[in-house]
Amino acid sequence: MSESASPPPGRSLDEDLYRRLFDRRVLLLGEPLEDWNSNRLCNGLLLLAAQDSRSDIHLLINSPGGSVPGMLAIRDCMKALSCDVVTVNLGMAYSAGQFLLSSGTPGKRYAMKHSKVLLHQGSAGIGGTAMDIAIQAADLRHTRDTVLSLIAHDTNQSLELVERDSQRDRWFDAESALRYGFVDHIVDSVTQVLPQSPDELNRAQ
């Protein structure tokens, strides 16, 4: 089993926090995207949608990026649900984090005012025989083209512009991320976008 297939040790407190958030229909990607948390996020999306097919699910993102297959799997889950998925950039949405941020339901993608977004093309190791290298290179090109076309669709930018901008690391603050189309709103506090707890709802009544 690969190291990325299971969570790192000593996460009991984190798991308790994730459980409390899950009970409020909130999922968190707060580390690099790897096999274990890609599966957890997919499972969380599917379970929450099965519990309530109408209420929004909130995905909080503070991640330096990671697995391309993982981010594509999560996006497919997000788009297959009948409920909306709200995405929020807490601080950093880099690479795969950016991809998931902009994959949220249009009109429901948010950025904290000091958050940042990184757009770039992912890298992958290629090796083996000449034939293996050719096969891997073809697959890498196909994956790159798929990812860039989805980013172009989500941001309403041309594919040519996204491809050109992604050739080198390109950084966006919250305002420029909004202009580019990664997000729809900038907020000062996560409480502006998180669902209210039962206690908060009772106090409001």
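Refer to the preceding data block for the structure.
Residues numbered from 1 in each chain as written. Predicted model: local features only at pLDDT ≥ 70, side-chain atom pairs only at ≥ 80, totals over all residues. Heavy atoms only, no water.

Caption draft 1: Spotlight on the packing of aromatic side chains. Evaluated as defined, the whole model comprises four aromatic pairs. Seen in terms of ring centroids, tyrosine 94 and tryptophan 171 are 5.0 Å apart; in terms of plane orientation they differ by 90 degrees. Their pairing is edge-to-face. Residue tyrosine 94 is found in strand S3 (residues 85-94), and its partner tryptophan 171 is found in strand S6 (residues 170-173); the two are separated by 77 residues along the sequence. Residue classification places tyrosine 94 among the buried residues on the basis of a relative accessible area of 17%. Between tyrosine 180 and phenylalanine 182, the ring centres sit 4.9 Å apart and the planes meet at 20 degrees, which makes this aromatic pair stacked. (Phe/Tyr/Trp six-rings, centres within 6.5 Å; stacked < 30°, edge-to-face > 60°. Helix = DSSP H or I, 4+ residues; strand = E, 2+ residues; numbered from the N terminus. Buried < 20%, exposed > 50% of the residue type's maximum accessible area, 1.4 Å probe, protein only.)

Caption draft 2: Structural view of the pattern of salt bridges. One pass over the full model with this rule turns up 10 salt bridges. Put simply, lysine 113 and aspartate 188 hold a salt bridge, and the shortest N to O gap is 3.9 Å. In this pair, lysine 113 sits in the loop between strand S4 (109-112) and strand S5 (116-119) while aspartate 188 sits in the loop between strand S7 (185-187) and helix H8 (198-204), placing the two residues 75 residues apart along the sequence. Residue arginine 144 is joined to aspartate 145 by a salt bridge in which the shortest nitrogen-to-oxygen separation is 2.9 Å. In the salt-bridge network here, residues are joined through shared partners; they are Asp56, Asp84 and Lys108. (Salt bridge = Lys/Arg side-chain N within 4 Å of Asp/Glu carboxyl O.)

Caption draft 3: The arrangement of the side chain of arginine 25 in detail. One can find arginine 25 in the loop between helix H1 (12-23) and strand S1 (26-29). Polar side-chain contacts of arginine 25 include one of 2.9 Å to the backbone oxygen of serine 55. Polar contacts involving the side chain of arginine 25 include one to the main-chain carbonyl oxygen of aspartate 56, which spans 3.1 Å. Setting aside residues no more than four positions away along its own chain, arginine 25 makes contact with Leu48, Ala49, Gln51, Asp52, Ser55, Asp56, Ile57, His58 and Cys83. (Polar contact = N/O pair within 3.5 Å; in protein donor to acceptor, adjacent residues only side chain to side chain. Contact = heavy atoms within 4.5 Å.)

Caption draft 4: Looking closely at the nonpolar core. Core analysis: the biggest nonpolar cluster contains 38 residues, and Leu45, Leu100 and Phe182 have the highest contact counts within it. Of the residues forming this core, the biggest block, five residues, is contributed by helix H2 (residues 35-51). Look past the residues within four positions of leucine 45 in its chain and what remains in contact with it is Leu27, Ile57, Ile74, Cys77, Met78, Leu81 and Val85. (Core = buried A, V, L, I, M, F, W, Y, C linked by side-chain atoms within 4.5 Å.)

Caption draft 5: Local environment of the environment of serine 115. With respect to the secondary-structure elements, serine 115 resides in the loop between S4 and S5. For the pair formed by serine 115 and alanine 93, sequence separation is 22 residues and the distance between their alpha carbons is 7.8 Å. When neighbours within four sequence positions are excluded, serine 115 is seen to be in contact with Asn89, Leu90, Gly91, Phe172, Asp173 and Ala174.

Caption draft 6: Just the layout of surface pockets, in detail. Quantified by volume, the second largest pocket comes out at close to 220 Å³. Around the second largest pocket, the lining is made up of 13 residues, and of these Tyr18, Arg19, Phe22, Leu27 and Arg40 lie nearest the centre. Mapped by element, the contributors of at least two residues to the lining of the second largest pocket are H1, S1 and H2. When the residues that make up the lining of the second largest pocket are grouped by side-chain class, the tally is eight nonpolar, two polar and three charged. (1 Å grid on protein atoms, 1.4 Å probe; cavity = no way out; pocket = protein on both sides within 12 Å on 5 of 7 lines; lining within 4 Å. Points joined across faces, edges and corners; volume = space filled by probe spheres on them. Nonpolar A, V, L, I, M, F, W, Y, C, P; charged D, E, K, R; others polar.)

Caption draft 7: The environment of glutamine 192, seen in detail. Here glutamine 192 lies in the loop between S7 and H8. Measuring from C-alpha to C-alpha, the distance between glutamine 192 and tyrosine 110 comes to 9.9 Å, with 82 residues separating the pair along the chain. From its side chain, glutamine 192 meets the backbone nitrogen of aspartate 188 in a polar contact 2.9 Å long.

Caption draft 8: Region of interest: the pairing of S4. What you see with S4 is no split at all: Arg109 and Ala111 on one side and Tyr110 and Met112 on the other are buried throughout. In this structure, S4 lies alongside S7, joined through three bridges in parallel fashion. Bridge pairing in S7 places alanine 111 opposite isoleucine 186. (Pairing = 2+ DSSP bridges.)

Caption draft 9: Region of interest: the packing of H2 against helix H3 (residues 68-80). In contact at an axis separation of 9 Å, H2 and H3 are set at 0 degrees when each is read in the N-to-C sense. Here H2 lies roughly parallel to H3, going by the angle between them. Across from Ser38, Leu41, Cys42, Leu45 and Leu46 in H2, the residues of H3 making contact are Gly70, Ala73, Ile74, Cys77 and Met78. (Axes fitted to C-alpha atoms, helices over the stretch in contact; angles between N-to-C directions. Parallel < 35°, antiparallel > 145°, perpendicular 65-115°, else oblique.)

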